[in-house]
Amino acid sequence: MEMQVVQRARENFLAGRSRPLEFRVQQLKSLQRMITDRQGEIATALKQDINRSQYDTPLLELIGLENEISLAVSKLAQWAAPRPVEKSLLTISDQVYIQPEPLGVVLIIGAWNYPWALTLQPLVGAIAAGNAAVVKPSELSEYSASLLKALLPRYLDQELYPVVCGGVSETQELLRQRFDHIFYTGNSTVGKVVMEAAARHLTPVTLELGGKSPCYIDKDVDLRVACRRITWGKFVNCGQTCIAPDYILCEPSLQNRVVEGIRQTLLEFYGPDPKSSPDYGRIINQRHFNRVMALLDGYTAALGGQSDSSQRYIAPTVVKDVPPHARLMQEEIFGPLLPIVTVSDIDDAIHFINEREKPLALYVFSSIKKVIKRMLAETTSGGVTVNDVMMHYTLNSLPFGGVGQSGTGRYHGKHSFDQFSHHRACLVKSLGMERVNMPRYPPQNHQKARRVRLAMRTPLVDFSKGTYIWAVTASIVALGLLVALTVILILAAGVSCTCW
Amino acid sequence: MASQSEVIDRLRATFRSGVTFPEPFRMTQLQNLLSLVEENEQLIQDALHKDLHKPKFESVLSEIQITLNDLYFAMENLRTWMQPEYNIGKNLATRMDDCFIRREPLGVVLIIGAWNYPLHLILLPLVAAIAAGNCAILKPSEICQATEQLLAELIPKYLSQDCYAVLCGGAEDTKSLLKNKFDHIFYTGSQVVARSILLAAAPHLTPVTLELGGKSPCFIYGHIDIHKAAKRLCWSKFFNTGQSCVAPDYVLCTTQTRDALLPALRETLRTFYGPDPGASLDMGRIVTPRHWRRLMDMLEKSKGKVVIGGESREEDRYIAPTVLVDVQESDALMQEEIFGPILPILTIESLEEGIDYINRQEKPLALYVFSDETSVVTTVLNNTSSGGFCGNDGIVHMALPGLPFGGVGASGMGSYHGRWGFETFSHRRGCMNRSWLLERVNVLRYPPYSDYNLGWLRWATTFKKNSWGGCSVM
């Protein structure tokens, strides 16, 4: 069944249906309408899947998606146009440019934590770039998956953008098919499986994975604001965000104040009993609930710690003085547990971070430029937000993606379009100017070789600073000489002037 | 003799120390690499001649000069490439923030070279890797032993031994090398090996660049100066004895064009190589007896008619520039990339027929069209896909550092040359430095949620046409 779906998508792609710009824009606008018209149903599905509050849905998923679509619609013609590049002496009269082209049929595998944003945002890029796309939403967020399967065919072309639902075996079946690109959001274990499956067909992949995103808090920051921002980022969607601050690094002297800051914020956000707050979420399923609770084994919470298995509820929990070897620190938490690991200073923090796999996001709270600079220069991560959390995700001119174990490739905004395109290098020469070509043909000799070497050099014009200064100076001197010459000529001609 | 993992560990420790990050270090290494090539031109030419019977002209043009060009280009632009990119569209909510993209080194990368251009196919990726601040392991092709030995000797002499190492060996050694974790693998070669490289990279989630090949079609269609076309075609096809991943693999043209083309080809070949190409200094040889045998087998099995050339000599692995006509889709010559001085001509009735044929095959690394008619060039461009494209010439599009060089589909993934190489070996890290101010605006996003707050937030963050970017303040 999966094979037929992919086959049909390919036939439709090969027929050229997804390529015309007007078609792509029309599909994107239709997708926009789907989100606007069906917001209520989407919110309901998310409530059933993950107890998402009705406000979190537009905030966390839909507004971003709408922005992506608007941007794509508005910029598509520009993105899809040929992009000219620098020429050399040999190609001075030729057309040299990069033409973005669709790849073909792509596979988009969504995730369960933000089932709409993480499935549809890549789709926006795929459509904008002119591809056909098979969409496989995560089966863990089953209400959203069924809703997507019902809705998408009503708004988008069914043959070009089919939705395939199912579990592990359906996904495996899909992965046996040949695609021109696979875009996967999820965990690194499955990421490796996806990469292996793609290897068989030499299919390029984009993997948006995760990891433990560290959050370093420097002394001398406004802890009240810092804790508020961190608390928001950590406990939104019940901690089930790939770029949530996973753990805090700070000096021992700060620890208690950080805990206090978070405690106050939690009170402001969710009241004394988060379980009864309509704004606090739940864990997606029993398996993940058990997984997260197991991480807490043997540790006493400084804040929270309560849970209710029947509701898959875990209170916003903070644990102090967590040792680096604790289970809490071995895997991505993906839940509302916030460990605090103490470090002696910034050097220690940097060392701690670099000993571990490259994370998807890195956060640093500091009011000292030097500290921020060092953190940025001496660590690496998918992305960074300084003095806040998660916000780098929201600006679609920034590329969003991981590095190392946190993923490969990037998207958002134009980066999505580029990720789903092939950048074809094009050189269109004329058959004229053959004399320029003559030196490269056999039979060969020394003079010919020299001429070709010279002509091959780039750049055409030397734009280096030295030359620029020389050019400016020379121009000024030349202008000065010209003025002087003019004055002399005027004087010689005996013209009187009252200027001097 | 250090083991593979010892070498990798050493390079990793060096990378961790951050010594490859600063611009002066990268510049020095690039400068040293420049000296390596400039000071050893003769040795390089000798090695290439020994391995591939490469004419000096070809060595200079397609191995030495192209490497020097890329080095000059990298050195001239390194500072610009390394700068964080600030020209990022911002919006209302992020107006007070610093938003930029940093280019960061990946770590320890593995570069696996190929045998047909054993120097530039390993040094150009190295230039990019150095420029991007990485450490690198080079694994040159074992088929070109003289060049392999030369690289193994020269690289440690000119470049920092703690950052860059050459590991030599055959297929088994490469297999064991691939068991290690790298931060990027850059491979040039065949599809078969590419698959095993991807499979080796998957457990480590290592990103890979694959520069593969395929059958690069060459249209000769419509109104055309057949003599000039023949010249450029011959040059691109028989350069390096046809052993170029972007050589025009086969020609598609009408019978009339073919009939005009053949005498032009004969004349050109005579001008290039004289009456006996085997005696010309400008004609190369096939790399190994095994590769020679493969080509001869294809030629023998072919049902096409040899109209030019066809001579061969086993003792020096010579095959004359050979052209065949009446070649069908099912022919032995049309099943795999030729990679030799054999040019089949397939006749088509129309451009559409040719385009359909191309689209039935895997996406090639390069596609060529010779035509004076813009509509022909445009039609082919718009209805096909390929790694790169060149109209009215062959190969030369890859010499421009402004153009990305890479494949698509079965011809590869990723690209390099010039800035593209730098980007390939870098991580683009999106950074947002939020201001402490405007916390009152931030308040809109915090719980307890309300319709009122949501309303304002929606208004503030909805993308407006003609603004620079969208932002959803969550």
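In this text, all values refer to a predicted model and were calculated from it rather than measured experimentally. (Residues numbered from 1 in each chain as written. Chains lettered and ligands numbered in written order. Predicted model: local features only at pLDDT ≥ 70, side-chain atom pairs only at ≥ 80, totals over all residues. Heavy atoms only, no water.)

**Considering the overall build of chain A**
Now for step 1: Across its full length, chain A holds 17 helices and 16 strands.
Now for step 2: In terms of C-alpha radius of gyration, chain A reaches 29 Å, well past the compact-globule figure of 23 Å for 500 residues.
Now for step 3: Expressed as lengths along the three principal axes of its C-alpha atoms, the size of chain A is roughly 100 × 65 × 55 Å.
Now for step 4: Here the contacts in chain A between residues at least 6 apart in sequence split such that 72% fall between residues at least 24 apart. (Helix = DSSP H or I, 4+ residues; strand = E, 2+ residues; numbered from the N terminus. Rg over C-alpha atoms; globule rule 2.2 N^0.38 Å. Contact = heavy atoms within 4.5 Å.)

**Quick notes on the overall build of chain B**
Now for step 1: Secondary structure assignment for chain B yields 16 helices and 17 strands.
Now for step 2: Oriented by its inertia axes, the alpha-carbon framework of chain B measures out at about 85 × 60 × 40 Å.
Now for step 3: Buried residues in chain B amount to 65% of all 474 residues.
Now for step 4: Partitioning the intrachain contacts of chain B with sequence separation of at least 6 by distance along the chain shows that 72% fall at a separation of at least 24.
Now for step 5: A total of about 17200 Å² of accessible surface is found on chain B, and carbon and sulfur atoms cover 54% of it.
Now for step 6: Averaging the coordinates of the 46 positive side-chain charges in chain B and doing the same for the 52 negative ones gives two points 7 Å apart. (Buried < 20%, exposed > 50% of the residue type's maximum accessible area, 1.4 Å probe, protein only. Areas by Shrake-Rupley, 256 points an atom, 1.4 Å probe, with all protein chains shown as cover. Lys, Arg positive; Asp, Glu negative; His and termini not counted. Charge placed at Lys NZ, Arg CZ, Asp CG, Glu CD.)

**Re the interface of chain A and chain B**
Now for step 1: Listed by partner, the interface residues are 117 residues for chain A and 117 residues for chain B.
Now for step 2: Taken over both partners, the interface formed by chain A and chain B buries close to 9900 Å², and the fraction arising from carbon and sulfur atoms is 60%.
Now for step 3: When the buried area of chain A at its contact with chain B is split by residue, Leu202, Leu431 and Arg453 of chain A rank highest and sum to 9% of it.
Now for step 4: Put simply, chain A and chain B have eight salt bridges between them.
Now for step 5: Note that Asp183 of chain B is salt-bridged to Lys358 of chain A, the shortest N-O span being 3.5 Å.
Now for step 6: At the boundary of chain A with chain B, the tally comes to 37 residue pairs in polar contact (both at pLDDT 80 or more).
Now for step 7: With eleven residues, helix H4 (residues 56-80) of chain A is the largest single contributor of residues to the side of chain A that touches chain B.
Now for step 8: Each residue belonging to the side of chain A that touches chain B can be placed in one class, and the counts come to 52 nonpolar, 38 polar and 27 charged.
Now for step 9: Two strands pair when backbone bridges link them, and strand E16 (residues 421-428) of chain A and strand E15 (residues 388-391) of chain B are joined in this way by four bridges, in the parallel orientation. (Buried area = accessible area lost by both parts, 1.4 Å probe. Salt bridge = Lys/Arg side-chain N within 4 Å of Asp/Glu carboxyl O. Polar contact = N/O pair within 3.5 Å; in protein donor to acceptor, adjacent residues only side chain to side chain. Nonpolar A, V, L, I, M, F, W, Y, C, P; charged D, E, K, R; others polar. Pairing = 2+ DSSP bridges.)

**A look at the side chain of Gln121 of chain A**
Now for step 1: You can see Gln121 of chain A is positioned in helix H5 (residues 117-128).
Now for step 2: Discounting chain neighbours no more than four positions away, the residues touching Gln121 of chain A are Gly64, Leu65, Glu68, Trp116, Tyr393, Tyr411 and His412 of chain A.

**Focus: the sheet that holds strand E6 (residues 208-211) of chain B**
Residue and element names in this part refer to chain B.
Now for step 1: Spatially, E4-E3-E2-E5-E6-E16 is the arrangement adopted by the six strands of the open sheet, whose pairing is mixed. Strands at the two margins of the open sheet, each flanked by one partner only, are strand E4 (164-166) and strand E16 (412-413).
Now for step 2: The pairing of strand E2 (residues 108-112) with strand E3 (residues 135-139) spans five bridges and is classified as parallel. Looking at E3, one finds that Leu110 is bridged to Ile137.

**Here's the deal with unusual backbone geometry**
Now for step 1: Backbone torsion omega between Pro442 of chain A and Pro443 of chain A reads -10°, so that peptide bond is classified as cis.
Now for step 2: Relative to the helices and strands, Pro443 of chain A resides in the loop between helix H15 (434-437) and helix H16 (446-456).
Now for step 3: With an omega of -10°, the peptide bond running from Pro447 of chain B to Pro448 of chain B counts as cis.
Now for step 4: Of note in this structure, Asn237 of chain A is not a glycine but carries a positive phi near 55°.
Now for step 5: Looking at the element boundaries, Asn237 of chain A is found in the loop between helix H9 (223-235) and strand E8 (247-250).
Now for step 6: Phi is positive for Asn240 of chain B, close to 55°, though the residue is something other than glycine.
Now for step 7: Judged by its relative accessible area of 2%, Asn240 of chain B is buried.

**A few points about the packing of aromatic side chains**
Now for step 1: Inspection of every chain in the model, using the stated rule, returns 25 aromatic pairs over all chains.
Now for step 2: Between Trp79 of chain A and Phe417 of chain A the ring centres are 5.6 Å apart and the planes differ by 50°, which places this aromatic pair in the tilted class. One end of the pair, Trp79 of chain A, is in helix H4; the other, Phe417 of chain A, is in helix H14 (residues 413-419), and 338 residues separate them in sequence.
Now for step 3: When its relative accessible area of 2% is taken as the criterion, Phe417 of chain A is described as buried.
Now for step 4: With a centroid separation of 4.8 Å and 75° between ring planes, the pair formed by Phe183 of chain A and Tyr411 of chain A is classed as edge-to-face. With Phe183 of chain A in strand E5 (residues 181-185) and Tyr411 of chain A in the loop between strand E15 (407-408) and H14, this pair connects stretches of sequence that are 228 residues apart. In this structure, Phe183 of chain A and Tyr411 of chain A share a single accessibility class: buried.
Now for step 5: In this structure an aromatic cluster arises from ring pairing among Trp232, Phe269, Tyr270, Tyr280 and Tyr313 of chain A together with Tyr446 of chain B.
Now for step 6: Here Arg356 of chain A stacks its cationic end above the ring of Phe352 of chain A, 3.7 Å away from the centre of that ring.
Now for step 7: Over the aromatic face of Trp232 of chain A sits the side chain of Arg445 of chain B, whose NZ or CZ is 3.8 Å from the ring centroid. (Phe/Tyr/Trp six-rings, centres within 6.5 Å; stacked < 30°, edge-to-face > 60°. Lys NZ or Arg CZ within 6 Å of the ring centre and 35° of its normal.)

**Here's the deal with the sheet that holds E15 of chain B**
Now for step 1: Read from one edge of the open sheet, ten strands run E1(A)-E2(A)-E16(A)-E15(B)-E14(B)-E7(B)-E8(B)-E13(B)-E12(B)-E9(B), paired in mixed fashion. Looking at which strands have only one partner, the edges of the open sheet turn out to be strand E1 (83-84) of chain A together with strand E9 (305-308) of chain B.
Now for step 2: Along the sheet, helix H9 (residues 226-238) of chain B makes contact with strand E7 (217-220), strand E8 (250-253), strand E12 (322-325), strand E13 (342-347) and strand E14 (366-370) of chain B, crossing E13 of chain B at roughly 135°. (Axes fitted to C-alpha atoms, helices over the stretch in contact; angles between N-to-C directions.)

**A few points about the UniProt feature "active site" (unreviewed entry) in chain B**
Residue and element names in this part refer to chain B.
Now for step 1: As recorded in UniProt, the feature "active site" (unreviewed entry) lies at Glu211 and Cys245. Across 35 residues of sequence, these annotated residues stay compact in space, with a maximum C-alpha separation of 8.9 Å.
Now for step 2: Secondary-structure assignment places Glu211 in strand E6.
Now for step 3: Leaving out residues up to four positions away in the same chain, Glu211 has contacts with Phe186, Tyr187, Thr188, Gly189, Phe405, Gly406, Ser411, Gly414, Ser415 and Tyr416.
Now for step 4: By the element assignment, Cys245 lies in the loop between H9 and E8.
Now for step 5: Setting aside chain neighbours within four positions, we find Cys245 in contact with Asn116, Leu212, Ser216, Glu337, Phe339, Leu365 and Phe405. (UniProt positions renumbered as here; feature names shortened; annotations may be inferred.)

**Some thoughts on the side chain of Asp308 of chain A**
Residue and element names in this part refer to chain A.
Now for step 1: Relative to the elements of secondary structure, Asp308 occurs in strand E9 (residues 307-308).
Now for step 2: Given the relative accessible area of 17%, Asp308 is considered buried.
Now for step 3: Within polar-contact distance, the side chain of Asp308 engages the side chain of Ser310 at 2.7 Å.
Now for step 4: Ignoring anything within four residues of it in the chain, the contact list for Asp308 reads Lys275, Phe289 and Tyr313.

**Thoughts on helix H12 (residues 351-360) of chain B**
Residue and element names in this part refer to chain B.
Now for step 1: Listed as buried for H12 are Leu351, Gly354, Ile355, Tyr357 and Ile358. Along H12, the residues classed as buried sweep out an arc of 160° about the axis, all on the same side.
Now for step 2: Looking at the packing, one finds that the buried side of H12 touches E7, E8, E13, E14 and helix H13 (374-383). (Arc of directions from axis to C-beta.)

**Digging into the pairing of E8 of chain A**
Residues and elements named next belong to chain A.
Now for step 1: Residue alternation in E8 divides its side chains into two sets, Tyr247 and Leu249 and Ile248 and Cys250, and both sets are buried.
Now for step 2: Here strand E7 (residues 214-217) runs beside E8; their pairing, made up of four bridges, is parallel. In the sheet register, Pro214 faces E8, and the bridge partner there is Tyr247.
Now for step 3: Between the parallel pair E7 and E8, the chain is carried across by H9, and the sense of this crossover is right-handed.
Now for step 4: Pairing of E8 with strand E12 (residues 337-342) involves three bridges; the strand directions are parallel. Within the sheet, the bridge partner assigned to Leu249 lies in E12 and is Val341. (Right-handed = clockwise from strand over helix to strand, strands pointing away.)

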